[in-house]
Amino acid sequence: MNLEQTFGVIAIISGPSGVGKTTIYNTLRAFRQKLHFSVSCTTRARRGDEVDGMAYHFIDDETFEKHIQNHDFLECANVHGFYYGTLKSELNYIKDGENVLLDIDVQGMRRAKEELKSTPFFYCRLVTVFIMPPSLQELERRLRGRKTDSEEAIQRRLANAKGEMEHWRDYDYILINDDSNQSAEALAKIIDATHFRTQAITRENWL
Ligand code: ADP
Ligand code: 5GP
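Scope of this entry: the structure provided in the associated data block.

How each quantity is defined
- Residues numbered from 1 in each chain as written.
- Chains lettered and ligands numbered in written order.
- Predicted model: local features only at pLDDT ≥ 70, side-chain atom pairs only at ≥ 80, totals over all residues.
- Heavy atoms only, no water.
- Pairing = 2+ DSSP bridges.
- Helix = DSSP H or I, 4+ residues; strand = E, 2+ residues; numbered from the N terminus.
- Axes fitted to C-alpha atoms, helices over the stretch in contact; angles between N-to-C directions.
- Near = heavy atom within 4 Å.
- Polar contact = N/O pair within 3.5 Å; in protein donor to acceptor, adjacent residues only side chain to side chain.
- Phe/Tyr/Trp six-rings, centres within 6.5 Å; stacked < 30°, edge-to-face > 60°.
- Buried < 20%, exposed > 50% of the residue type's maximum accessible area, 1.4 Å probe, protein only.
- Salt bridge = Lys/Arg side-chain N within 4 Å of Asp/Glu carboxyl O.
- Areas by Shrake-Rupley, 256 points an atom, 1.4 Å probe, with all protein chains shown as cover.

## Looking at the sheet that holds strand β2 (residues 10-14)
- Spatial strand order, β3-β8-β2-β9-β10: five strands in an open sheet with parallel pairing. Every other strand in the sheet has two partners, leaving β3 (35-37) and β10 (173-176) as the edge strands with one partner each. The mean angle between the axes of side-by-side strands here comes to 25°, regardless of whether they run parallel or antiparallel.
- Bridge count between β3 and strand β8 (residues 99-103): three bridges; the pairing is parallel. Note that in β8 the partner of His36 across the bridge is Val100.

## What to know about the site of ligand 1
- The environment of ligand 1 is formed by 15 residues, the closest being Gly18, Lys21, Thr22, Thr23 and Arg146.
- Lys21 is positioned with one of its backbone polar atoms (N or O) 2.8 Å from an oxygen atom of ligand 1.
- Here a nitrogen atom of ligand 1 sits 3.5 Å away from a polar atom, N or O, in the side chain of Asn177.
- Contributing elements (two or more residues each) for the shell around ligand 1: α1 (21-31) and α5 (136-146).

## With respect to the packing of aromatic side chains
- Counted by the stated rule, this structure contains eight aromatic pairs.
- Between Phe7 and Phe121, the ring centres sit 4.9 Å apart and the planes meet at 80°, which makes this aromatic pair edge-to-face. Taken together, the residues Phe7 in the loop between β1 (2-4) and β2 and Phe121 in helix α4 (residues 120-123) connect sequence positions 114 residues apart.
- When its relative accessible area of 26% is taken as the criterion, Phe121 is described as partly exposed.
- Ring centres of Tyr25 and Phe37 lie 5.4 Å apart, and the angle between their planes is 45°; on these two criteria the pair is classed as tilted. Here Phe37 lies in strand β3 and Tyr25 lies in helix α1, a separation of twelve residues in the sequence. Residue Tyr25 shares its accessibility class with Phe37, and that shared class is buried.

## A few points about the pattern of salt bridges
- One pass over the full model with this rule turns up 13 salt bridges.
- Glu140 is paired through a salt bridge with Arg144; the nearest N and O atoms lie 3.1 Å apart. Of this pair, Glu140 and Arg144 both sit in helix α5, four residues apart, roughly one helical turn.
- Classification of Glu140 by relative accessible area gives partly exposed; the value is 30%.
- Arg144 sits in the partly exposed class, given a relative accessible area of 32%.
- Connected through shared salt-bridge partners, Arg44, Arg47, Glu50, Arg146, Asp149 and Arg157 make up one network.

## Remarks on the site of ligand 2
- As a structural note, the neighbourhood of ligand 2 is formed by 17 residues, with Ser40, Arg44, Tyr56, Tyr84 and Asp103 the closest of them.
- Between ligand 2 and the protein, one listed contact pairs an oxygen atom with a side-chain N or O atom of Tyr56 at 2.5 Å.
- The side chain of Arg157 places a nitrogen or oxygen atom 2.7 Å from an oxygen atom of ligand 2.
- Alone, ligand 2 offers 510 Å² of accessible surface; in the complex the protein occludes 96% of this.
- Of all the elements in the fold, those that place two or more residues in the shell around ligand 2 are β6 (73-79) and β7 (82-87).

Printed below as a string of structure tokens:
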């Protein structure tokens, strides 16, 4: 007997800025194939060695507004004073068997989940994961250690962190990111388990 899992899953990952989400994806990428990292649009400035079209589509307010008017976004939100939006087209990668990872904030997760409820094909393949830092002190240490944000941006991100962390119960899973390798392995297991949801099975061959 066997099951055929033709399509990928959609994993929404949230957690305060600096907790280590990007580091976890990069670790996961090293030992997992068939991963697509959803590229969001943002009006914030490029930072560090971020590449346009890879980390984000860096666009201006006017272009962002056009995307809203064209209904291109699955969800969009103002985070830390800038606009961020997930393009609906990013989800289509699951049709090619890719697992799509969305790094979006708490309000984005809620809106995306609500929006996807009307499309069972996507909704039954959706899983949500909250990433927690080991402590607030460690979060601050990581934000400062990254050396990409101004003092003002660090303060804004730290101030928002507590509020974001209160919503961990709204997620299917929680990971405490002590060790990035362990977190990446745990995330891989969560993605694997989602593939075996009964609602996500398209074809089966019983005995
Ligand atoms: P996010 O994508 O959530 O904003 P990053 O992946 O950019 O966070 O990580 C922020 C900083 O913390 C980086 O300098 C990164 O090297 C460091 N970092 C990430 N994960 C860990 C960890 N598990 N232990 C210690 N430092 C970490
Ligand atoms: P950063 O500027 O550090 O890359 O991201 C800041 C915050 O914006 C993070 O919490 C991240 O999850 C969130 N974010 C990134 N892209 C999107 C998006 O498309 N939609 C929403 N709602 N949040 C996003």
